[in-house]
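Take a look at the letters that make up each chain.
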Number of protein chains: 2
Amino acid sequence: MSELASEPSAQGVTQPQGFRASGVVAGIRNGEGPDLALVVNDGPQHAAAGVFTRNKVKAAPVLWSEQVLTTGRLRAVVLNAGNANACTGPEGFQTAHATAEKAAELLGCGAVEVAVCSTGLIGSQLPRDDVLEGVAAAHAALGADAAAGLAAATAVMTTDTVAKQVGHADPAGWTIGGFTKGAGMIAPSMATTLTVVTTDAVVDAPVLDEALRAAVRVSFDRLDIDGCMSTNDTVLLLASGASGVVPDTAAFRAVLTDLCKDMARQMQADAEGVTKRIAVRVAGAATEDDAVTIARTVARDSLVKTALFGSDPNWGRIAAAVGYSDAAVDPDRIDVTINGVLLCRGGVAAGDRAAVDLKGADIVVEVVLGLGDGEAEILTTDLSHGYVEENSAYSS
Amino acid sequence: MSELASEPSAQGVTQPQGFRASGVVAGIRNGEGPDLALVVNDGPQHAAAGVFTRNKVKAAPVLWSEQVLTTGRLRAVVLNAGNANACTGPEGFQTAHATAEKAAELLGCGAVEVAVCSTGLIGSQLPRDDVLEGVAAAHAALGADAAAGLAAATAVMTTDTVAKQVGHADPAGWTIGGFTKGAGMIAPSMATTLTVVTTDAVVDAPVLDEALRAAVRVSFDRLDIDGCMSTNDTVLLLASGASGVVPDTAAFRAVLTDLCKDMARQMQADAEGVTKRIAVRVAGAATEDDAVTIARTVARDSLVKTALFGSDPNWGRIAAAVGYSDAAVDPDRIDVTINGVLLCRGGVAAGDRAAVDLKGADIVVEVVLGLGDGEAEILTTDLSHGYVEENSAYSS
């Protein structure tokens, strides 16, 4: 369903009925473009679910929003770029709280109905006055059209080079849309993932929660750019019920999952320094968990990633990474295929390296283990000079 | 004891009595210098111990040598660079066996008394005839002087830029020496670690084994350049007993450990693309294992490594890495110090980034957790353009 991203109708969070959004310049990143977004659910329902980083060092907005989401209810989300509000202690938490209070005051609801998300540099205090003025400006700028959704999607960009939106109008009469930023969920670069998905379907919070966790598990959780996990990752799902349509639960889950996979692919394509989009597919593992572990180990291996940056079909490094992964492996049964060319059969060289075409941007690495039915795919990128350049000059 | 490396008397494996060595051109890496080394223990004793890669994909010489070492006895070691003899199936194993047979025939011993080590590209057959002729040439070239030890140390170099030797003459009357190559033990780059340590002390195989495992655990095992584990890593310890001196066991272990740490530091300083030598020290962890886990997670984090390459004291990335490590962490008790400047106290920004001097080649990252007495140090390097360059062009 990646073709969704190119649908002209994909207008993001304002595509479903019942939602308004905006993006404004709050001055958090020193005037370098818009840096604060607001998404409002005008109802009639306000069901919501959230998935957050598993990092034990959680940013203040994550601590705030996790609490808020225990109610299964959200009226609005405030997001900012330029500062992560992480490692900022009680003062940072108070800033997150004050941000929610300000939005709640403007919307006539309680602060516990407002989630807050931040992305940017860790360890400096978020300028509270700028943020509160930004919330007021964002409230004044709220709109329900495509431009408003795009403005919100644009305001949360950090090292992203394009805004990332999805949208889907279901034949059953309900609509879903969303935006994302960053480079991954459980293992992003510091280009934290912030994602907001909205729908006008009539769905209860428990169903949203279950659907969102299931979708994230096979989408954002299977994108691994560099193995680093952010302090701020947040994926939120808000339902307004404005369509009046109760969707088939399975159909809703399937569409949500497809949209999340689409957003993960958009992040992969826009990852820091990427010159190759790499899919690592593992089959024949003892279990699905083992398949994920092995695919993730290969996807994170610096030597595999540099080899593919150099268009070198170095399957030996792939076999070595499979071997040191924390999963069941029989070294005499490993098959490795790169872009359709079988290079290693039963753990031994096979085929012709020269037959592998790595000139294009897309690389598919397939590992077959011959141990069971477990399979999984992890998306990653190469390790390039661009990655080193971008990440060695981020905070200075 | 790193000053050992610069002692003029550090002549490596031929420093102890009872050992001869050589290094010759066998043609394995197409005439680019010496590529085959031989180390012979002339006795009177032949006790030995070995530690090998934990990768489940083990090279043929590792499979061979692990079997050989179960006897606790070695007459000789044959080592080659230019080809890892990994993922080479039964043919590769037969080549390793034939190599040992050839050396055994020349030395008048059994093949099971000869270990074999290889390093280089994975997945192509080692040219057996070249290796066997190389063994004959190496046998003819054996010498007991410093030049012979250096010749062996030089023949196993791959991406190493300098030969790496250690040596120590103990006041108690016994001597120990060794060489190493590569960039780490359990987590090296494909610049596999091959290490041979020799001693003329009178030590039984079980004592050697225990001493070697203890030494490796706090030296090679605590060097982590890029998290990638080789198929070929091997550390061997051979004792000739030629000094006639039975060393104090604790003193022997201490010296062996110091020498292994010295070799690990030499590897760190010569790692691929290194511009910074980084020591990550964790204290106050719940356990030593937790301290190792946390230090290793920080040492492997691509964002930490690129920041330090850029001389950016980005402690937020360090705190984030601590947070996603698989160990007990209280986010409100994390202190982070870089090169003596406390930048994060109790999980919150402190001190002045600008006060951190990162211009030099050495960086010490200290993380204190306030949870217990566990502490550990992991040595690593930065992630530089040089690393990307070297590893994107290795096999082509």
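Keep in mind it's a predicted model, so treat the numbers as computed, not measured.

Trainee: I keep staring at the sheet that holds strand S5 (residues 114-119) of chain A and nothing clicks. Help me out?
Mentor: Residue and element names in this part refer to chain A. Here we have four strands laid out as an open sheet, ordered S1-S2-S4-S5, and mixed in their pairing. Looking at the sheet topology across the chains shown, the edges are occupied by strand S1 (19-24) and S5. When strand polarity is set aside, the average angle formed by the axes of neighbouring strands in this sheet is 10 degrees. Direction of pairing for strand S4 (residues 76-81) relative to S5: parallel, over a ladder of six bridges. In the strand pairing of S5, valine 77 is matched with alanine 115. Each of S1, strand S2 (36-41) and S4 touches helix H4 (residues 146-155); the most contacted strand, S1, lies at about 50 degrees to it.

Trainee: Any chance you could explain the packing of aromatic side chains here in plain terms?
Mentor: Any two aromatic rings considered together are summarised by their centre-to-centre distance and by the angle between their planes. Residues and elements named next belong to chain B. For the structure on display, the rule yields four aromatic pairs over all chains. Where tryptophan 174 meets phenylalanine 252, the ring centres are 5.4 Å apart and the plane angle is 55 degrees; that geometry is what we call tilted. Remark: phenylalanine 252 occurs in helix H6 (residues 249-269) and tryptophan 174 occurs in the loop between strand S6 (164-169) and strand S7 (175-181); sequence separation between them is 78 residues. Each member of the pair, tryptophan 174 together with phenylalanine 252, is buried.

Trainee: Is there a simple way to think about the interface of chain A and chain B in this case?
Mentor: How big an interface is tends to be stated in terms of the accessible area lost upon association of its parts. Contacts between the two partners involve 53 residues from chain A, matched on the other side by 52 residues from chain B. Taking both partners together, chain A and chain B bury about 4,100 Å²; carbon and sulfur atoms supply 62% of that area. On the chain A side of the interface with chain B, the three residues burying the most area are Lys56, Leu303 and His385 of chain A, jointly 15% of the side's total. At the junction of chain A with chain B, the criterion picks out zero salt bridges. At the surface where chain A touches chain B, the tally comes to 17 residue pairs in polar contact (both at pLDDT 80 or more). Every element with two or more residues in the side of chain A that touches chain B is listed here: helix H8 (302-309), helix H9 (315-324), strand S13 (348-349) and helix H10 (385-391) of chain A. Top contributing element to the side of chain A that touches chain B by residue count: H9 of chain A, with seven residues.

Trainee: Looking at this model, I keep getting lost on the side chain of lysine 305 of chain B. Mind explaining?
Mentor: Residue and element names in this part refer to chain B. Along the chain, lysine 305 falls in helix H8 (residues 302-309). Buried and unpaired, lysine 305 has no salt bridge, with aspartate 224 as the nearest side chain of opposite charge at 5.8 Å. Polar side-chain contacts of lysine 305 include one of 2.7 Å to the side chain of threonine 380. Sequence-distant contacts of lysine 305, that is, excluding residues within four places in its chain, are made with Asp224, Ile225, Ala299, Arg300, Thr380, Thr381, Asp382 and Leu383.

Trainee: Whenever I open this one, the packing of helix H1 (residues 60-69) of chain A against helix H2 (residues 89-107) of chain A confuses me. Can you help?
Mentor: Between two packed helices, the angle of one axis relative to the other and the distance separating the axes together describe the packing. All names here are of chain A. Packing of H1 against H2 brings their axes to within 8 Å, and their N-to-C directions diverge by 50 degrees. In terms of axis orientation, H1 runs oblique to H2. In terms of crossing hand, the pair formed by H1 and H2 is right-handed. Mapping the contact onto sequence places Ala60, Pro61, Leu63 and Trp64 in H1 and Gly92, Phe93, Ala96, His97 and Ala100 in H2. Of the residues contributing to the contact of H1 with H2, the split by class is seven nonpolar, two polar and no charged.

Definitions and limits used
- Residue numbering note: each chain is counted from 1, following its sequence as written.
- Chains carry letters from A onward and ligands carry numbers from 1 onward, assigned in written order.
- Totals for whole chains, interfaces and linings use all residues, but because this is a predicted model, local features are given only for residues with pLDDT of at least 70 and pairs of side-chain atoms are given and counted only at 80 or more.
- Only hydrogens and water are set aside; all other atoms, that is, all heavy atoms of the structure, feed into the side-chain values.
- Any two strands between which DSSP finds at least two bridges are classified as paired.
- Strands here are runs of E lasting at least two residues and helices are runs of H or I lasting at least four, both read from the DSSP assignment and numbered beginning at the N terminus.
- Only the stretch in contact is used when a helix axis is fitted, and all axes are lines through C-alpha atoms; the angle between N-to-C directions ranges over 0 to 180 degrees.
- The contact definition used throughout considers only heavy atoms, calling two residues in contact when any of these lie within 4.5 Å.
- Pairing of aromatic rings covers Phe, Tyr and Trp, the last through its six-membered ring, and needs centres within 6.5 Å; plane angles under 30 degrees mean stacked, over 60 mean edge-to-face, and all others mean tilted.
- Any residue under 20% of the maximum accessible area for its type is buried, any over 50% is exposed, and the rest in between are partly exposed; the area is computed with a 1.4 Å probe on protein chains only.
- Note on terms: buried area is the combined drop in 1.4 Å-probe accessible area of two parts once they are placed together, counting the loss on both.
- Whenever a carboxyl oxygen of Asp or Glu lies within 4 Å of a side-chain nitrogen of Lys or Arg, that contact is scored as a salt bridge.
- Polar contact is the term for a pair of N or O atoms within 3.5 Å; when the atoms are in protein, one must be able to donate a hydrogen and the other to accept it, and sequence-neighboring residues count only if both atoms are side-chain atoms.
- In this tally Asp and Glu are treated as negative and Lys and Arg as positive; neither His nor the chain ends contributes.
- Roughly parallel here means an angle under 35 degrees, roughly antiparallel means over 145, roughly perpendicular means 65 to 115, and every remaining angle is called oblique.
- By definition, turning the near helix anticlockwise from the far helix through less than a right angle yields a left-handed crossing, and turning it clockwise yields a right-handed one.
- Here the term charged refers only to Asp, Glu, Lys and Arg, the term nonpolar to Ala, Val, Leu, Ile, Met, Phe, Trp, Tyr, Cys and Pro, and the term polar to all other amino acids, Gly among them.

These values are about where atoms sit, not about what they do.
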